[in-house]
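Commentary on secondary and tertiary structure
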Amino acid sequence: EGFGMGQAVKIVVNVFFLCTVILAALLFLPRAAGMQIYAVLSSSMEPALPVGSMIYVRPCKLPEEVLEHDIIAYEAGDGLVVHRVIHADGENGQYETKGDFNKTADETMVSFENIIGKVKFHIPFTGFFLMYIQIGPVRYLLLVSGSILVALALPLKKKEENEYENKMESEG
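This text gives an overview of the structure that appears in the document.

Looking now at the overall build of the chain. Counting its regular elements, the chain contains three helices and seven strands. Counting from the amino terminus, helix and strand elements in the chain follow one another as α-β-β-β-β-β-β-β-α-α. Per-residue burial for the chain yields a buried fraction of 27% across its 172 residues. Once local pairs closer than 6 in sequence are excluded, the contacts in the chain between residues at least 24 apart make up 54%. For the chain, the accessible surface area stands at approximately 11,400 Å², while carbon and sulfur atoms represent 63% of it.

Scanning the model with the defined rule gives one aromatic pair in all. Pairing Tyr56 with Phe121 gives two aromatic rings, centres 4.3 Å apart and planes at 15°, and the pair type is stacked. Placement of the pair is Tyr56 in strand β2 (residues 54–58) and Phe121 in strand β7 (residues 115–123), with a sequence separation of 65 residues. Judged by relative accessible area, which is 38%, Phe121 ranks as partly exposed.

Taken together, Phe125, Phe128 and Tyr132 make up a surface patch of nonpolar side chains, about 340 Å² in accessible area. Topologically, Tyr132 is positioned in helix α2 (residues 126–133). Residue Tyr132 is classed as partly exposed on the basis of its relative accessible area of 47%.

Compared with the 40 Å implied by 1.5 Å per residue over 28 residues, the 39 Å span of helix α1 (residues 5–32) between its first and last C-alpha is a close match. Turning to α1, its buried residues number three or more, namely Val9, Val13, Leu27 and Pro30. Where α1 terminates, the next one or two residues include Gly34, which has phi positive at roughly 90°.

The biggest cluster of nonpolar side chains holds 11 residues, and these are Tyr38, Val40, Met45, Leu49, Ile55, Val57, Ile71, Ala73, Val82, Ile116 and Val119. Looking at this core, the elements with two or more residues in it are β2, β3 (71–76) and β7. With residues up to four places along the chain from it excluded, the contact list for Tyr38 reads Ser53, Met54, Ile55, Val57, Leu80, Ile116 and Leu130. Counting residues in hydrophobic clusters, the runner-up holds nine residues, among them Val66, Val85, Tyr95 and Val110.

A few words now on the pattern of salt bridges. Tallied over the full model, the rule gives two salt bridges. In this structure, the salt-bridge partner of Asp70 is Lys118, at a minimum N-O distance of 3.2 Å. Note that Asp70 is positioned in the loop between β2 and β3 and Lys118 in strand β7, a separation of 48 residues in sequence. The exposure class of Lys118 is buried, given its relative accessible area of 15%. In this structure, Arg84 engages Asp100 in a salt bridge whose closest nitrogen and oxygen atoms are separated by 2.8 Å. Residue Arg84 is found in strand β4 (residues 79–89), and its partner Asp100 is found in the loop between β5 (94–98) and β6 (110–111); the two are separated by 16 residues along the sequence.

What counts and what doesn't
- Residues numbered from 1 in each chain as written.
- Predicted model: local features only at pLDDT ≥ 70, side-chain atom pairs only at ≥ 80, totals over all residues.
- Heavy atoms only, no water.
- Helix = DSSP H or I, 4+ residues; strand = E, 2+ residues; numbered from the N terminus.
- Buried < 20%, exposed > 50% of the residue type's maximum accessible area, 1.4 Å probe, protein only.
- Contact = heavy atoms within 4.5 Å.
- Areas by Shrake-Rupley, 256 points an atom, 1.4 Å probe, with all protein chains shown as cover.
- Phe/Tyr/Trp six-rings, centres within 6.5 Å; stacked < 30°, edge-to-face > 60°.
- Patch = residues over 30% accessible without salt bridge, like charges linked within 9 Å, V, L, I, M, F, W, Y side chains within 5 Å.
- Salt bridge = Lys/Arg side-chain N within 4 Å of Asp/Glu carboxyl O.
- Expected span 1.5 Å × (residues − 1).
- Core = buried A, V, L, I, M, F, W, Y, C linked by side-chain atoms within 4.5 Å.

The quantities given are spatial measurements derived from coordinates; they are silent on function.
This is how it looks when you write it as structure tokens:
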């Protein structure tokens with residue numbers, strides 16, 4: 001027997017399933033642990049956080065938890081900023097920040113109330129995928145293609161089971 005279309009579909013389905021499990025683990029396990037996930041969109045924190053990285057942010061409960069050298073995510077205007085703390089005044093809940101790649105510190109101090117949390121870790125390049133799966137048409141395309149792959153695999157699985165049962169009956 002050669003390598004047929006059935007084996008190719010089975011491999012594609014298994015790879016798709018494995019990628020789905022890994023993606024689910026990357027996205028949902030940290031969230032279950034109370035972390036929030038974001039994609040790095042600018043180069044202001046390079047090389048520590050390359051553009052396209054997925055960052056995992058854990059909320060801070062007390063202003064004293066935010067220390068110098070921590071990388072924090074905070075709300076600024078309509079957006080989210082991820083920069084390093086270069087001076088921390090935990091008593092007053094005020095922090096001076098700067099992007100590692102930037103020449104100067106940020107113009108305004110960050111108030112504790114605006115801090116989402118501290119960056120605990122990052123995974124380079126995976127943020128690009130996070131950005132794309134949040135786009136409506138891409139999400140639907142992934143859902144549809146996954147459904148098609150599963151639909152193609154089910155008859156193959158049933159055929160394999162029937163062949164195995166027939167083989168066992170003929171041997172027994």
